[in-house]
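Now for the letters of each chain:
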Amino acid sequence: MSRAALLVAVVLLVAPLQGGARQIEPSSAVVPGLERPVQVRIDEFGVPHIYAERQYDAFVAQGYMAARDRLWQIDLWRKRGLGEMAKDFGPAYVESDRMARAVLFRGTLYREWLAYSSDAKRIAEAFVAGINAYVDLVGQEPDRLPEEFRVLGYRPSRWQASDIVRIRHHGLTLNLTGEIDRTEIYCKDGLEAPRVDWLRRALVPDITPTLATGLAPCDLPFEALRQAYAHATARPVFRAETTAVRSDAPIDLVLARATPDDLAAQGSNNWAVAPARTATGRPILASDPHRAHSAPSLRYISHLVAPGLDVIGAGEPFLPGISVGHNDAIAFGLTRFYMDQEDIYVYETNPAHPDEYRYQGRWEPMETVTEQIEVRGEAPRTVTIAFTRHGPVLTTDPGRQRAFALRAAWLDEGMAPYFGSVEYMRARTWDQFAAAMNRWGAPGENQVYADTSGNIGWIPAGLTVIRPNWDGLTPVPGDGRYEWAGYRDMDELPRAFNPSSGYVMTANENNIPPDHPAAGKGIGYEWSDDSRARRLHHLLGGGAPHRLEDSRSYQLDITSLPAQRLVRLLTGVSDARPAVRGALDLLRAWDGRMQADSAAAAVFEVWFATHLRRAVVQAVLPTDAAVRVGTGDPARILQVLEGHAGWLTPAARTRVLVESLAHAVAEVETRLGPDRATWQWGRLHQAVFEHPLAARVDAEARRRFTVAAGPIGGATATPMATGYRTTDYHLTSGASFRMVADVGRWDASVAINTPGQSGDPASPHYRDLAPLWAQGRYFPLAYSKAAVDAATRTRLELRPR
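These numbers were taken from a predicted model, which means no experiment stands behind them. (Residues numbered from 1 in each chain as written. Predicted model: local features only at pLDDT ≥ 70, side-chain atom pairs only at ≥ 80, totals over all residues. Heavy atoms only, no water.)

Participant: Can you walk me through the overall build of the chain in this structure?
Facilitator: Within the chain, the regular secondary structure consists of 26 helices and 31 strands. Compactness check: the chain gives a C-alpha radius of gyration of 26 Å against a globular reference of 28 Å for 801 residues, within 12% of the reference. Of the contacts formed within the chain by residues at least 6 apart in sequence, a portion of 72% connects residues at least 24 apart. Element-wise, carbon and sulfur atoms account for 51% of the exposed surface of the chain, whose accessible area totals about 29200 Å². Taken together, the 88 basic and 93 acidic charged side chains of the chain have centroids lying 2 Å from each other. (Helix = DSSP H or I, 4+ residues; strand = E, 2+ residues; numbered from the N terminus. Rg over C-alpha atoms; globule rule 2.2 N^0.38 Å. Contact = heavy atoms within 4.5 Å. Areas by Shrake-Rupley, 256 points an atom, 1.4 Å probe, with all protein chains shown as cover. Lys, Arg positive; Asp, Glu negative; His and termini not counted. Charge placed at Lys NZ, Arg CZ, Asp CG, Glu CD.)

Participant: I would appreciate a short explanation of the pairing of strand β12 (residues 342-348) in the present structure.
Facilitator: If a strand is regular, its side chains alternate between the two faces of the sheet. Among the seven residues in β12, six count as buried, and that is most of the element. Across seven bridges, the pairing between β12 and strand β18 (residues 402-408) is antiparallel. Bridging across to β18, D343 finds its partner in R407. As defined by bridge partners, β12 adjoins strand β21 (residues 476-477) across two bridges and the pair is classed as parallel. Directly across from Y345, in β21, lies its bridge partner V476. (Buried < 20%, exposed > 50% of the residue type's maximum accessible area, 1.4 Å probe, protein only. Pairing = 2+ DSSP bridges.)

Participant: Could you clarify how one ought to interpret the pairing of strand β23 (residues 503-506) in this entry?
Facilitator: Alternating positions in β23 separate into two faces, Y503 and M505 on one and V504 and T506 on the other, with burial throughout. Relative to β23, strand β6 (residues 268-273) is paired through four bridges, and the arrangement is antiparallel. Along β23, the bridge assignment pairs W271 with M505.

Participant: Can you help me understand helix α18 (residues 578-588) in this one?
Facilitator: Since there are 3.6 residues in each turn of an α-helix, residues three or four apart along the chain are aligned in direction. For α18, every residue scored as buried is listed here: V580, A583, L584 and L587. What you see down the axis of α18 is that its buried residues fit within an arc of 100°, all on one side. For α18, the elements touching its buried residues are α17 (561-568), α19 (599-620) and α22 (650-672). (Arc of directions from axis to C-beta.)

Participant: Please clarify how the state of the cysteines should be interpreted in this entry.
Facilitator: Among covalent bonds in proteins, the disulfide is the one between the sulfur atoms of two cysteines. In total, this model carries one disulfide according to the counting rule given. Covalent S-S linkage joins C187 and C218, the inter-sulfur distance amounting to 2.1 Å. Between C187 and C218 the sulfur-sulfur dihedral comes to about 105°; the bridge is accordingly right-handed. Of the two residues, C187 is situated in helix α9 (residues 175-188) and C218 in the loop between α10 (193-200) and α11 (222-233); the sequence distance between them amounts to 31 residues. (Disulfide = S-S within 2.5 Å.)

Participant: What is the right way to read unusual backbone geometry from this model?
Facilitator: Negative phi is the rule for most residues except glycine; trans is the rule for most peptide bonds. Residue P205 is bonded to the preceding V204 through a cis peptide linkage, with omega at -5°. For P205, the position within the fold is in the loop between α10 and α11. Look at the link from A442 to P443: it is a cis peptide, with omega at -10°. Along the chain, P443 turns up in the loop between α14 (430-437) and β19 (445-451). The phi angle at N508 is positive, at roughly 70°, despite the residue not being glycine.

Participant: Help me understand the sheet that holds β19, please; the structure alone is not making it clear to me.
Facilitator: Two pairing modes exist for strands in a sheet, parallel and antiparallel, and in both the strands are linked by backbone hydrogen bonds. One open sheet holds the eleven strands; their spatial order is β1-β31-β2-β3-β8-β9-β10-β11-β19-β20-β22, and the pairing between them is mixed. Each edge of the sheet is formed by a strand with only one pairing partner; in this case those strands are β1 (27-30) and β22 (496-497). In this structure, strand β8 (residues 300-306) lies alongside strand β9 (residues 309-315), joined through seven bridges in antiparallel fashion. Bridging from a neighbouring strand, S302 pairs with G313 of β9. Across the sheet, helix α2 (residues 55-82) touches β1, β2 (38-43), β3 (48-52), β8, β9 and β31 (792-799), and the angle it forms with β8 is around 155°. Of the strands in this sheet, β11 (330-336), β19, β20 (456-461) and β22 are in contact with α14, which crosses β20 at around 10°. (Axes fitted to C-alpha atoms, helices over the stretch in contact; angles between N-to-C directions.)

Participant: Whenever I open this one, the pattern of salt bridges confuses me. Can you help?
Facilitator: Pairing is possible between side chains of opposite charge, provided their charged atoms come close. This model, assessed by the stated rule, comprises 61 salt bridges. Here R358 and E348 are joined by a salt bridge, their closest N and O atoms 3.1 Å apart. Note that R358 is positioned in strand β13 (residues 356-359) and E348 in strand β12, a separation of ten residues in sequence. Judged by relative accessible area, E348 falls into the partly exposed class, the value being 33%. Counted as one network, the salt bridges with shared partners bring together D181, R182, E184, K188, D197, R200, E223, R226 and E526. (Salt bridge = Lys/Arg side-chain N within 4 Å of Asp/Glu carboxyl O.)

Participant: Just to check I follow, could you spell out the packing of α19 against α22 for this structure?
Facilitator: When two helices pack together, their arrangement is given by the angle between the helix axes and the distance between those axes. Taken N-terminus to C-terminus, the directions of α19 and α22 make an angle of 135°; their axes are 8 Å apart at the nearest point. Taken together, α19 and α22 sit at an angle that is classed as oblique. Classified by chirality, the crossing of α22 by α19 is right-handed. Here A602, V603, V606, W607, T610, H611, L612, A615, V616 and A619 of α19 lie close against α22, whose contacting residues are V656, L657, S660, L661, H663, A664, E667 and V668. (Parallel < 35°, antiparallel > 145°, perpendicular 65-115°, else oblique. Left-handed = near helix turned anticlockwise from the far one by under 90°.)

Participant: Would you mind going over the sheet that holds β21 with me for this structure?
Facilitator: Taken in spatial order, the four strands of this open sheet run β17-β18-β12-β21, and their pairing is mixed. Each having just a single partner strand, β17 (393-397) and β21 make up the two edges of the open sheet. Against the sheet, α11 engages β12, β17 and β18, with an angle of about 155° to β17.

Participant: Would you mind showing me how to read the packing of aromatic side chains here?
Facilitator: For any two aromatic rings, the description comes down to two numbers: the centre-to-centre distance and the angle of the planes. The final tally for this structure, using the stated rule, is 33 aromatic pairs. A centroid spacing of 5.6 Å and a plane angle of 55° characterise the contact between F89 and Y93, whose relative ring orientation is tilted. Y93 sits in the buried class, given a relative accessible area of 0%. Here a set of aromatic residues connected by ring pairs shows up, and it is made of F332, Y418, Y424, W430, F433, W440, Y449 and F497. Looking at R195, its charged tip hangs above the ring of W647, at a distance of 4.0 Å from the centre. Sitting over the ring of W363, R358 keeps its end group 4.2 Å from the ring centre. (Phe/Tyr/Trp six-rings, centres within 6.5 Å; stacked < 30°, edge-to-face > 60°. Lys NZ or Arg CZ within 6 Å of the ring centre and 35° of its normal.)

Here it is as structure tokens:
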């Protein structure tokens, strides 16, 4: 077929997403770094399908397309990670820049590259060449500069390949803040501390933390440690300061510190079903990673085709490769496996030389690094970063002669979060995939696997710390008595290949079998509540042949097991007040499904999240301790209500239930009005994707930057996890990407991203997927050349210089 005839055929084959005709729009660009021309087909959902004649050219093109669609997002990630915020945003960022630099990888890059794959460096160089080609194009054609740069008055930076592996702050770190909170409880709550901490955070398996010998818990500067860790790792949010947007306005930093509920909501689901249990006779693999929502989307879908490479799926736009997706032989999907990869070390410092600390009976000097931080509007500032043998110093307390350092596995070689996907995405068999996962470092992951030969499997992986003489749940003295004894071999973790159950599934629960040797090795204790996992096991364990639409419906399942448990406790509970009596009747008649149009779901979530949990905490703990615990761990609250240790008498339980329910009903009436016939969970629970600059811009720009997708069902504990903030119940986290793969019949696979593929508010692909996502819809994940040609909307040729 001639090129002209092919173009006509494609125009006839492509159907518009909305009504109306659509035309192919040929265009081209010169991209330094390419060896040969690359063809990019952008489909109607904004997915770039990249066809290269050389494998590394595919990564050049992926970097170029990521920058074309997400330049401000990836530039901000790089700037935050390298500690270069003050350069463009002013002096408010100097301390966060210093701490960001403290958690950069500072080891040998030669060994670092080899930790991922033999060609990891070349892949990163290719990807960065593509980004830099687009950055240079923006410099030549300023009209291409994304609006955010204009609002804030700066320009994008060029990248180095090493940026990809040096930056480590984005790996979903979580244990260190738990150590701080737990130690504060042991400082302030005395003999009550184990009880208080038990209610604050569920540990699985159940364990009472043991303080290290010689640790004085009240010696910790709790808030200074939290602040330092947030400065090192938290995502930036820009604060509103003026109603007018000025490029020279001072820009402050809001360090978005995650709450326990936020961490619980950032889970994921994945599973693979064996062909003997599917209606297709082929494996089915599903994956829906959950993260904090924003506009633009955290995930970016792309398709890379070159000799020896044909992989499609989602990754993070600032990294090469695909972390959730499939090639022509295997499919793969991830969730977090919550191993403990962090510790706080506490040191006695030398009164005469505060930069020395006691280690094994002698004074050991800290290593220091002096760096220049450029500051917008000011002269550069010189800062010092101190390190002990264990890691960067977070803060010091000269008055108590103490220093506090972070030891983190994710600062070691091969630990750049998610970059290891460049190896496993090219595997073609279970053995090759398992070998690639043996390299995996961070974050701790559950990978599920399926292949065209009919195999399925599960592998947890990550750099797993060996702590020979403590549990890792509280800080330890840094004097040499509490040292890591290296890392465990990956073979020490459990795994499954073609299990007799006919499926594998993970949902961030503690899925180490209790009879496995790893169960007693202290891999980790701070897992997600197992409600999603138990619900999914129930669904996947059914007898009917599993269909693709079943996997889609399970990803969208909105049944809350905690709600069902709590409703069972309402049997026999009564109250004379009409409002409370009506709410009790409403809940008792409810099936626990978090439908967007459900009045009962609205009452339950407001009650449980905002009122009941706090009321239980206040009923069983002293006042000061209750303030520290806040709303408590949801699983622990349910255990107390169900009679754990007799903490609540039956009469006290009834009183807590009805009084907190009365407050919840009053809040719902305030928010939704007195007419209960109009109450709906979705009127509160709105899918709103906020841009990091939403608070900085004027009302018109805020409207363009913000994506409102309307009512959404689900909640934190449902398989369709839709976490929210209790200030207005708007969505804050959930499935940033969903995929269901028909393994071997790849064009039948489906996916969805949200709110869209583009980071440009003026692009039709900035928000086009959000309504589909909110309605529980998917789009075909076109894979074969014929399917891609049929879906193509825009053609782009990338040419070497």
